[in-house]
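# A structural walkthrough
Listed here are the chains, written in short residue letters.
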Amino acid sequence: MTTREARSAFEAAYGREPTTVASAPGRVNLVGGHTDYNEGFVLPMAIDRRTTVAVAPRDDGRFRLESADVGAAVAVDDVPAEPLTADDEVWANYPLGVFVDLAAAGRFEPRGLDLLVAGDVPRGAGLSSSAALEVATAAAAYAVDRPGVGTADLPKRDLAEAAWRAETGFVGLDCGIMDQYASALCRADEVLFLDCRSRETRGVPFADAGLNVVVVDTRVEHELASSAYNDRVRECEEAVERLDGLLGGVASLRDVDRDAFLAHAADLPGELRRRARHVITENERVEAAVDALEGGDVDAVGDCMFESHASLRDDYEVSCGELDTVVELAWETEGVVGARMTGGGFGGSVVALVETDAVDGFRATVDAEYADRAGVDVEPRTFVCSSAEGVRLDSA
Ligand code: GLA
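These lines cover the structure that appears in this document, whether it is placed above or below. (Residues numbered from 1 in each chain as written. Predicted model: local features only at pLDDT ≥ 70, side-chain atom pairs only at ≥ 80, totals over all residues. Heavy atoms only, no water.)

### Comments concerning unusual backbone geometry
In most cases, non-glycine residues show a negative phi, while peptide bonds are predominantly trans. One non-glycine residue, glutamate 39, lies in positive phi territory at about 60°. Within the fold, glutamate 39 resides in the loop between strand E1 (20-29) and strand E2 (41-42). The exposure class of glutamate 39 is partly exposed, given its relative accessible area of 27%. Phi is positive for serine 128, which is not a glycine, with a value near 70°. (Helix = DSSP H or I, 4+ residues; strand = E, 2+ residues; numbered from the N terminus. Buried < 20%, exposed > 50% of the residue type's maximum accessible area, 1.4 Å probe, protein only.)

Below you can see the structure in the form of C-alpha cells.
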C-alpha cells in the first residue's frame, strides 16, 4: 500500500484529505528471542512491509478510526480511559493507547482526529504489525499539530517508548521494547543492535553480507500465544528472584553471566533453569552474531540462528511443530545458512538467511513439503524481504 493509496482510502472514508501521513515498518529479528524484557540484546531488521497511518485533525473531541486492513471502523467521543473490549474494536486500542500516552505527556492535544490505517505487514504472523501501527500512529499524532515537521525532526526514541507504553499499559501485553525500537529506528541496509537495558543502539551493516532474508509465515497462531508470553515474563521474574537470593545484585537475567549461572543452575527448579539458560545463552548468541556479521562470517551468523531456534524450542518452549518443521526444512536445504522463529512464538513466522541462488529452491521446498510434514491443512506464505528504513513522515 503506497502513501497515495492510503491518502485515497482516507478521502473515501472521510470525504476530505489527510493533513499528515506517517508509516512504519514491520520487522524480523535475526537473533535475540525473548531477551528484550530481560534487559538483554536483540538484533532486528525492519522489513519492506509498512503500516501507513493517515490523519486529519478535528476540533470536537471525537476520534474516528478506520482500518482498511481489518475492514472495521470505530468512533469514540473522547480518548477512552480504558481499552475497548468488543471483538471488532480491539484493534483500535493500539492507536488509542498511543493517543492516551502522548496526551498524558503533553505531546499531543487530544482535540479529535480522523485516522485511517492501511498497510501490508501481515497480521498475526510474528512480524510486529502492532508495533508498526503504534509507531506510525505516534509519528502522525506528533506531527499533526506541528506543520513543517519532517522525518528528521521526529523524536524517534520517545515515540518508540510511547508506543511501547501503549502496548504494555493500554493494550496489556507485557512485551519488551524490541519491536517498537526496530520500527522506529532501523535503517536500510543495516540490522539494529539494541541493548534493551541501556537503550544503546548501533547499526550493523548487513547489505554486504550478500544474503537474502526469506520469511516463511506458517499461517498458524496458537491460542495460548499471548497468555504464554506473559507466563514466560513471570517465569523470568521468578528466576531473577531466586538467582538474586543465591548471588545477590541480580535485577534481571542480564546480570547473570554464564559462569555464575552454571555455578548455581542446580539450585533452580528445572523449568526456571531452562528459561534462564535460554536467556543467558541467547544474549551471547546476539553478541556472537554481531561479531560474525562485522567479520563477514555468514556461516557463523547462521549457526547462531539455528542454535537460537533450538534454545527457544527446548529451553524456552515457545516454538511449535509448524515452526520447527520450517526450520528443519531450512536446515536440510543447501544454501540456507540459518533460520529461526521470529516474534513471540506459538505460530507466526520463521526468518531464514539464504544465499541468492538457493532462494527459489528453498521456497519451492517449503511450498511442497510444509503442510504434509507439519500435518496441517494450510499453505505457508513465503516472501523475500529487504531491509528498510524505520518510521517516516510521507508526502503524497
Ligand atoms: C514479541 C514481543 C517482543 C519480543 C518478542 C520475542 O514480538 O513483542 O517484545 O519479546 O516477542 O523476542
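### Topic: the pairing of E1
The buried fraction of E1 is high, at 10 of 10 residues. Two strands pair when backbone bridges link them, and E1 and strand E3 (residues 44-57) are joined in this way by nine bridges, in the antiparallel orientation. Bridge pairing links proline 25 to arginine 50 in E3. Note that E1 and strand E13 (residues 392-393) share two bridges and pair antiparallel. When the sheet's bridge partners are listed, serine 23 is paired in E13 with arginine 392. (Pairing = 2+ DSSP bridges.)

### Structural notes on the nonpolar core
Ranked by size, the top nonpolar core spans 53 residues in total, and within it Phe63, Leu65, Leu96, Phe99, Leu102 and Phe108 carry the most contacts. Residue contacts for phenylalanine 99: discarding those within four places in its chain leaves Phe63, Leu65, Val79, Phe108, Leu113, Leu115, Thr137 and Ala141. Among the nonpolar cores identified, the runner-up in size contains 45 residues, and Leu268, Leu312, Val327 and Ala358 belong to it. (Core = buried A, V, L, I, M, F, W, Y, C linked by side-chain atoms within 4.5 Å. Contact = heavy atoms within 4.5 Å.)

### Some points on the sheet that holds E3
Ordered by their spatial adjacency, six strands build an open sheet running E5-E4-E6-E3-E1-E13, and the pairing between neighbours is mixed. Of all strands in the sheet, those with a lone pairing partner are strand E5 (72-76) and E13, marking the two edges. Of the strands in this sheet, E1, E3, strand E4 (63-67) and strand E6 (113-119) touch helix H1 (residues 3-14), which is tilted by about 135° from E6. Relative to E1, helix H5 (residues 178-185) is tilted by about 125°, and along the sheet it contacts E1 and E3. (Axes fitted to C-alpha atoms, helices over the stretch in contact; angles between N-to-C directions.)

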